[in-house]
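Residues per chain, in single letters:
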Amino acid sequence: MITRRSILSGAVLFGASPLIRTAAAGQPGTMATGGLGLVVERASGSLVLVDRLAHSAVGRIEGLGDLSHASLTYSPDERFAYVFGRDGGLTKVDMVNRSIAGRVVQAGNSIGGAISDDGKLVAVSNYEPGGVRVFDADTLEMVQDIPAGSKTIGLADMPGRRFIWSLWDTGETWIADLSGSEMKLRKLADVGKNPFDGVMTDDGSTYLVGLFGEKGVTAIDLWSKDPKPVRFLKNYGKKEDDLPVYKMPHLQGWAFTDGQFVLPAVGAHELLWVDRITLEETGRTAVHGQPVFIISQPASPYVWTNFAMPLNDTVQVVDSRSHAVVRTLQPGPAVLHMEFAPRGAEVWISVRDANVVQIYDTLTFAKIGEIPAQSPSGIFFTARAHRNGL
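What follows deals with the nonpolar core. Leu208, Phe232, Leu233, Tyr236, Trp254, Phe261 and Leu263 are the most contacted members of the largest nonpolar core, which totals 18 residues. Elements that contribute at least two residues to this core include exactly β16 (195-200), β18 (217-221), β21 (260-264) and β22 (270-275).

As structure tokens, then:
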């Protein structure tokens, strides 16, 4: 029989539990990770750990080397972040203990990475010495070196412990399958001259490669038993009478919305709209400057875009149904990145030269918060752990 004394005794036992005391005190080791994120402080080689739900910074992690072009990905349980630095550094960050859990300088110049779908392997794409290197996600020991003699771009994960990437110098796309005891490596296609970036579509069906050395974009159907490259937008790309290209657009920021691809026009102040089934251009939108990132707002028809210097103080919102600009915001000097809350209620915008991350309500477009940061660039929420192609 449950008595008042037994209830009180249970309460005393609960109160004496070290786990409960630690949780109540909010000590490292008990923090939930679903509302967390990291902001790259590019000039100081550090990260700001942010609580997305509280609109606050909860810690800073230092000693990550050159983060001037850094990106990162998360383990499936959101516990660890893997940060890819421009100095070739691969750093494993413990989100709960707010510390560096491991670090290796694996190359002279790296340009991003990806984590396998089972979370066991981390791959890094390198400019110098080129190629891809694959590491054990737990120990950071290298398990595979895949030389290429070329700068590697557009690295993404695929289902089945596979990775896909393209090569700037040779114009090729390759796939590595690490699901078995021996790696299976194969050239998938010749995609065109000087691919500058590659991206996986949101459903994982298509790999898109942007070209700088010639006009056009190449699509590869990854669901096909015999994938073939298909060139579209054959008049798309840099022309002699275009404006100077101040910053190459990021394909990782291409938007997929309303049955369309939304692409930046290289060297022009335009967005290009392409039907994702027919690969035919369906429209163009004149915008404020040369687009860099074009990002879909979740659960909405809108895409948000920022711009290259010298017009990089502005963000515009475009309706995918009408292809019209519906809102222009001016967060401040040097807007570098945007990241949406998983359900799209907020967008976080890094404003490098104002040393701040601003938070906007996507319904009202009102600024609802800001967080100080030193020259902030990339913003990465832990929700990315559950998305493919990152």
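The discussion continues.
Glancing now at the sheet that holds strand β28 (residues 335-340). Across the sheet, which stays open at both edges, the four strands sit in the order β28-β29-β30-β31 with antiparallel pairing between neighbours. Edge positions in the sheet fall to β28 and β31 (367-372), since each of these pairs with one other strand and no more. Within this sheet the neighbouring strands show an average axis-to-axis angle of 20°, counted without direction. As defined by bridge partners, strand β30 (residues 356-361) adjoins β31 across five bridges and the pair is classed as antiparallel. Within the sheet, the bridge partner assigned to Val357 lies in β31 and is Ile371.

Attention shifts here to the sheet that holds strand β1 (residues 36-41). The four strands are arranged β3-β2-β1-β32 in an open sheet whose pairing can be described as antiparallel. The two strands at the open ends of the sheet, each matched to only one other strand, are β3 (56-61) and β32 (376-381). Averaged over neighbouring strand pairs, the angle between their axes works out to 25° when direction is ignored. Two elements, β1 and strand β2 (residues 46-51), share six bridges in a ladder whose sense is antiparallel. Each bridged residue has a counterpart across the sheet, and for Leu38 the counterpart in β2 is Leu49.

Counted under the stated rule, the structure contains 18 salt bridges. Of the charged contacts in the structure, one is a salt bridge between Arg276 and Asp203, with a shortest N-O distance of 3.7 Å. On the criterion of sequence distance, the pair formed by Arg276 in the loop between β22 and β23 (281-286) and Asp203 in the loop between β16 and β17 (206-211) is long-range, its members being 73 residues apart. Residue class for Asp203 comes out partly exposed when judged on its relative accessible area of 40%. What emerges from the salt-bridge pattern is a single network uniting Glu172, Lys187 and Asp190.

All right, on to unusual backbone geometry then. A cis amide bond links Glu128 with the next residue in sequence, Pro129, at an omega value of 15°. Mapped onto the secondary structure, Pro129 falls in the loop between β9 (121-128) and β10 (132-136). Note that the residue after Met309, namely Pro310, is joined by a cis bond; omega there is 5°. By the element assignment, Pro310 lies in the loop between β25 (302-307) and β26 (315-319).

Looking at where Trp254 falls in the secondary structure, it is placed in the loop between β19 (229-232) and β20 (255-257). Given the relative accessible area of 5%, Trp254 is considered buried. Note: C-alpha distance between Trp254 and Ser296 (42 residues apart in sequence) is 8.3 Å. Dropping the residues within four chain positions of it, Trp254 is found in contact with Val199, Leu208, Val217, Tyr236, Val262, Leu263, Pro264 and Ile294.

Per-chain confidence: the chain averages 89 in pLDDT, with 88% of residues scoring 70 or above. For residues 1-27, every residue scores under 50 in pLDDT, and the model assigns this stretch eight contacts once sequence neighbours within four places are set aside.

Attention now moves to the pairing of β26. The element β26 is extensively covered by neighbouring structure, given that five of its five residues are classed as buried. Residues Val315, Val317 and Asp319 line one face of β26 and the alternating positions Gln316 and Val318 line the opposite face, and both faces are buried. When β25 meets β26, the two strands line up antiparallel, connected through five bridges. The residue of β26 that forms the bridge with Asn306 is Val315. The pairing of β26 with strand β27 (residues 324-329) spans five bridges and is antiparallel.

What counts and how
Residues numbered from 1 in each chain as written. Predicted model: local features only at pLDDT ≥ 70, side-chain atom pairs only at ≥ 80, totals over all residues. Heavy atoms only, no water. Core = buried A, V, L, I, M, F, W, Y, C linked by side-chain atoms within 4.5 Å. Buried < 20%, exposed > 50% of the residue type's maximum accessible area, 1.4 Å probe, protein only. Helix = DSSP H or I, 4+ residues; strand = E, 2+ residues; numbered from the N terminus. Pairing = 2+ DSSP bridges. Axes fitted to C-alpha atoms, helices over the stretch in contact; angles between N-to-C directions. Salt bridge = Lys/Arg side-chain N within 4 Å of Asp/Glu carboxyl O. Contact = heavy atoms within 4.5 Å. pLDDT = per-residue confidence, 0-100.

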